[in-house]
Amino acid sequence: MKVCVVYGGWSREREVSIRSGKNVASALRRLGYEVYEVDMQRDIALKLHEINPDIVFPLLHGRPGEDGTFQGMLEIMGIPYVGSGVLASALAMDKIYSKKIFLASGVNTPSHVVPGPDLMKEAEEIPKRLGMPVVVKPACEGSSIGVKIVKTPEELYPAMVETRRNFGRFYVEEYIQGMTATVAVVGSRALPVLELVPKREFYDYEAKYTKGLTEFIVPARLSPEETRRAQEMALLAHNSLGCQDFSRVDMIIRLGEPYVLEVNTIPGMTDLSDLPAEAKAEGKSYDEIVDEILKTAARRWGIL
Ligand SMILES: Nc1ncnc2c1ncn2[C@@H]1O[C@H](COP(=O)(O)OP(=O)(O)O)[C@@H](O)[C@H]1O
Ligand SMILES: [Mg+2]
């Protein structure tokens, strides 16, 4: 099978995407596939037309690529691909829309407010509705970019003004004190729960990508019942958005109850990333889990 791994592009998460893509490409070569690698530029359609792969494995994090735009192009070109389709990718990339679907599907998620135009008035109302602290977040970023924990009502107005100026659409979420956790979904099963213990205030960009700044504990320190609940919630979140093949669901677990923050439709796949670490806890090597994700997609497209 001829597989083309596409990574890079020009999103804010370009560097991580390259690492994910190169790791997956190496794994696929070890597994015996015929592998091509492309760093996405504006001429990507031309490149793919020349390579003519049986399937594309997109490892693009952020926009464009994880948001359904790349998937739409592949649909037009008639090329099968790994992972979620156009709609699920777009819904997952926009957390304001994800939360609408979560609420309609019984996925537990922190309370939130999407502020209207009058931020001065919102700064007065929001603490009454959500309490303090709150978390101010851009609708469509990843890697904790733009995520701000606001502790006092006085800091809320400036934080919202800055977020609107830098990112456009944003929302304010209830702060959940608890265990930061993430659960990957592969095929139709949830992997073991991974607990993240940031040595910084929260799991920010630095903590995510600097070795040693976060402690990973897998399986997470949860009871079997709490683990089952977190895994069920991850599957429910994945399915509610219509995701396919693989994803990773970020959550905070407070007193055993999972609060889903978001679904990542193209989660990090570097050798140090969360999904491969969860697979390892299940006894699966990096190569084995990559193979499983690819085969899940290939079967779905009827090319295996
Ligand atoms: N409501 C919340 N309560 C407490 N911490 C939060 C909350 N939302 C986000 N965080 C912290 O910020 C991190 C990033 O938030 P997340 O919604 O997953 O956005 P991103 O797409 O940037 O990863 C989380 O892993 C967590 O550490
Ligand atoms: Mg996240």
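Now for a quick tour of the structure. All figures in this text were calculated on a predicted structure; none of them were measured in a lab.

Before going further, it helps to examine helix α4 (residues 86-93). Every buried residue belonging to α4 is among Ala 88, Ser 89, Leu 91, Ala 92 and Met 93, and all of these are buried. Tucked inside the fold, the buried residues of α4 contact α3 (69-77), α5 (95-105) and β13 (257-264).

A separate point is the nonpolar core. Of all hydrophobic cores here, the largest spans 29 residues; its most connected members are Leu 28 and Phe 57. Elements supplying a minimum of two residues to this core: β1 (2-7), α1 (14-30), β3 (55-58), β8 (179-186), α10 (274-281) and α11 (286-300). With 7 residues, α11 is the largest single contributor of residues to this core. Among the domains, domain 1 (2-82) and domain 2 (92-108 + 177-300) are the pair contributing at least three residues each to this core. The residues touching Leu 28, leaving out its near neighbours within four places in the chain, are Val 3, Val 5, Tyr 33, Val 35, Phe 57, Val 290 and Leu 294. Counting 24 residues, the second-largest nonpolar core is a separate cluster that includes Val 183, Val 193, Ala 234 and Ala 237.

Moving on: the coordination of the magnesium ion (ligand 2). On the protein side, the magnesium ion (ligand 2) has Asp 250 (OD) and Glu 262 (OE) as donor atoms, found 1.9 to 2.0 Å from it. A residue pair is termed long-range when its members are at least 10 positions apart, and Asp 250 in strand β12 (residues 246-254) and Glu 262 in strand β13 qualify at 12 residues. Residue classification places Glu 262 among the buried residues on the basis of a relative accessible area of 11%.

What counts, and at which threshold
- Residues numbered from 1 in each chain as written.
- Chains lettered and ligands numbered in written order.
- Predicted model: local features only at pLDDT ≥ 70, side-chain atom pairs only at ≥ 80, totals over all residues.
- Heavy atoms only, no water.
- Buried < 20%, exposed > 50% of the residue type's maximum accessible area, 1.4 Å probe, protein only.
- Helix = DSSP H or I, 4+ residues; strand = E, 2+ residues; numbered from the N terminus.
- Contact = heavy atoms within 4.5 Å.
- Core = buried A, V, L, I, M, F, W, Y, C linked by side-chain atoms within 4.5 Å.
- Domains from an automatic or database assignment.
- Donors = N, O, S within 2.8 Å, 3.2 Å for Na, K, Ca; no water.

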